[in-house]
Amino acid sequence: LKTLIVNFKNYPEAMGDGGVRLARAVARVAADVGVRGIIAPPAPMLALVAANTTALVYSQDVGTEAGEKTTGAVVPEAVRAAGAKGTILNHSESRKPAAVLRRLFPRLAGMEVCLCARTSAEAARLSELQPTYVAVEPPELIGSGVAVSKAKPSLVRDTVERVRSMGYGGGVLCGAGIVTGDDVRKAVELGADGVLVASSVVKSRDWGAKLRELAGPLV
Ligand code: G3P
């Protein structure tokens, strides 16, 4: 199955009840169309969404603070206990040094990880951690409406090639600026196993229709 990850970020449309409804829409379309749908709501909403929907829930990030005497940190152990099955990590909007990521991985045992990179070289390096997904996102295209798969096709192709040549067997995703079904089709043609999207879905006036448009080319 190819994968569609919907990152809610902190868009107001996906807060509270809106987030629960969007999670349900993703779960419904994923089941209908036959893709692996994953949602990443803001951390304070993880338990609400996990308890009230059938969606596969990821955290958008986890903190690297260690130990139980840590006030305010969103640590892997709390994310797991909230019912999330995995987490996005090293998103362009929340970067972490490679050494920190390496230390964090053992604490994510049994959880899925979508590990983000800005370049194909970084993706290749990080694929050695064997995350569930490696996702390449050029930061300048995030939220731009200009799709990575169209503006930077060689980035997607190189990332797939480089991580595979490292022996990585997980899923390779791309994201940034993906707004249409055609953007997704192009990503698949370039070898991606799925896409990460945020604004085009969350800001859409018809979540179901936009999700169907983006999920369709993944099957
Ligand atoms: O995590 C996905 C995100 O960074 C892409 O954002 O709004 O360009 O789909 P957007």
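Counting from 1, residues in each chain are numbered in the order their sequence is written. Side-chain atom pairs in this predicted model are given and counted only at pLDDT of 80 or more, local residue features only at pLDDT of at least 70, and totals for whole chains, interfaces and linings cover all residues. In computing side-chain values, all of the structure's heavy atoms are included and hydrogens and water are not.

1. Examining the overall build of the protein chain
Here's step 1: Scanning the protein chain from terminus to terminus reveals 10 helices and 8 strands.
Here's step 2: Here the globule rule is a power law, 2.2 Å times the number of residues to the power 0.38, and the radius of gyration is based on C-alpha atoms. The C-alpha radius of gyration computed for the protein chain amounts to 16 Å, which stays within 12% of the reference 17 Å derived for 219 residues, consistent with globular compactness.
Here's step 3: The dimensions of the protein chain, computed from C-alpha atoms along their principal axes, are 50 × 40 × 30 Å.
Here's step 4: In short, Shrake-Rupley with a 1.4 Å probe defines the accessible areas, and a residue's cover is counted only from the protein chains shown. If you sum the accessible surface of the protein chain, you get close to 9300 Å²; carbon and sulfur atoms cover 52% of it. Secondary structure counts use DSSP, requiring at least four H or I residues in a row for a helix and at least two E residues in a row for a strand, with both numbered from the N terminus.

2. Digging into the pattern of salt bridges
Here's step 1: For this analysis, a salt bridge means a side-chain nitrogen from Lys or Arg found within 4 Å of a carboxyl oxygen belonging to Asp or Glu. Tallied over the full model, the rule gives 14 salt bridges.
Here's step 2: With its nearest N and O atoms 2.8 Å apart, the salt bridge here joins Arg-95 to Glu-122. Linking Arg-95 in the loop between β4 (86-89) and α4 (98-104) with Glu-122 in helix α5 (residues 120-126), this pair joins segments that are 27 residues apart in sequence.
Here's step 3: Judged by its relative accessible area of 10%, Glu-122 falls in the buried class.
Here's step 4: As a salt-bridge pair, Asp-182 and Lys-150 come within 2.9 Å of each other at their nearest N and O atoms. Of this pair, Asp-182 sits in helix α8 (residues 181-189) while Lys-150 sits in helix α6 (residues 148-151), and the two are 32 residues apart along the sequence.
Here's step 5: Buried residues are those whose accessible area, probed at 1.4 Å on protein chains only, stays under 20% of the maximum for their type, while exposed residues exceed 50% and partly exposed ones sit between those limits. Residue classification places Lys-150 among the partly exposed residues on the basis of a relative accessible area of 42%.
Here's step 6: Residues joined by salt bridges that share partners form a network here, namely Lys-150, Asp-182, Asp-183 and Arg-185.

3. Some words on the site of the ligand
Here's step 1: Taken together, Asn-7, Lys-9, His-91, Glu-137, Ile-142, Gly-143, Ala-176, Gly-177, Leu-196, Val-197, Ala-198 and Ser-199 make up the full set of residues near the ligand.
Here's step 2: Residue Gly-177 places a main-chain N or O atom 2.8 Å away from an oxygen atom belonging to the ligand.
Here's step 3: For the ligand, the protein covers 99% of the area, taking 310 Å² as the surface of the free molecule.
Here's step 4: Here the term cavity refers to a set of points on a 1 Å grid, laid over the protein atoms alone, in which a 1.4 Å probe fits but cannot get out; the term pocket refers to an open set having protein on both sides within 12 Å along at least five of seven lines, with lining residues being those that place an atom within 4 Å of a point. For this analysis, a molecule is said to be in a pocket or cavity if more than half of its atoms are within 2 Å of the grid points defining it. Judged by the fraction of its atoms near the pocket grid, the ligand is located in the largest cavity.
Here's step 5: In the scheme used here, Gly and all other residues not listed as nonpolar or charged are polar, with Ala, Val, Leu, Ile, Met, Phe, Trp, Tyr, Cys and Pro taken as nonpolar and Asp, Glu, Lys and Arg as charged. A per-class count over the shell around the ligand returns 5 nonpolar, 5 polar and 2 charged. Proximity is defined per residue: if any heavy atom of the residue lies within 4 Å of a molecule or strand, that residue is considered near it. Under the rule applied, a polar contact is a pair of N or O atoms within 3.5 Å (in protein, one hydrogen donor and one hydrogen acceptor; residues adjacent in sequence only if both atoms are side-chain atoms).

4. Section: the pairing of strand β5 (residues 112-117)
Here's step 1: Most of β5 is tucked away: 6 of the 6 residues are buried.
Here's step 2: What you see with β5 is no split at all: Glu-112, Cys-114 and Cys-116 on one side and Val-113, Leu-115 and Ala-117 on the other are buried throughout.
Here's step 3: DSSP calls a pair of strands paired once it identifies at least 2 bridges connecting them. Relative to β5, β4 runs parallel, the two being bridged by 4 bridges. Considered in β5, the bridge of Gly-86 is made with Glu-112.
Here's step 4: Call a crossover right-handed when, viewed with both strands pointing away from you, the route from the first strand across the helix to the second goes clockwise. Read from β4 through α4 to β5, the crossover connection turns out right-handed.
Here's step 5: For β5 and strand β6 (residues 133-136), the ladder comprises 4 bridges, and the chain directions are parallel. Bridge assignment links Cys-116 to a residue of β6, and that residue is Ala-135.

5. Quick word on the layout of surface pockets
Here's step 1: Grid points are joined across faces, edges and corners, and a volume is the space filled by probe spheres set on the points. If you add up the space inside the largest pocket, you get close to 230 Å³.
Here's step 2: Its residues assigned to classes, the lining of the largest pocket shows 4 nonpolar, 6 polar and 3 charged.

6. What to know about unusual backbone geometry
Here's step 1: Of note in this structure, Lys-9 is not a glycine but carries a positive phi near 45°.
Here's step 2: By secondary structure assignment, the location of Lys-9 is in the loop between β1 (3-7) and α1 (16-33).
Here's step 3: The exposure class of Lys-9 is buried, given its relative accessible area of 12%.

7. Comments concerning empty space enclosed by the protein
The probe, sized like a water molecule, is rolled over the atoms to show the empty space still left.
Here's step 1: Throughout the structure, instances matching the rule amount to 2 cavities of 30 Å³ or more.
Here's step 2: Counted as a void, the largest cavity has a volume near 140 Å³.
Here's step 3: Elements with a minimum of two residues in the lining of the largest cavity: β8 (194-197) and α9 (199-202).
Here's step 4: A per-class count over the lining of the largest cavity returns 8 nonpolar, 6 polar and 2 charged.
Here's step 5: A volume near 30 Å³ is recorded for the second largest cavity.
Here's step 6: Contributing to the lining of the second largest cavity are Asn-90, His-91, Ser-92, Arg-95, Cys-116, Ala-117, Arg-118 and Glu-137.

That's the geometry; what it means functionally is another story.
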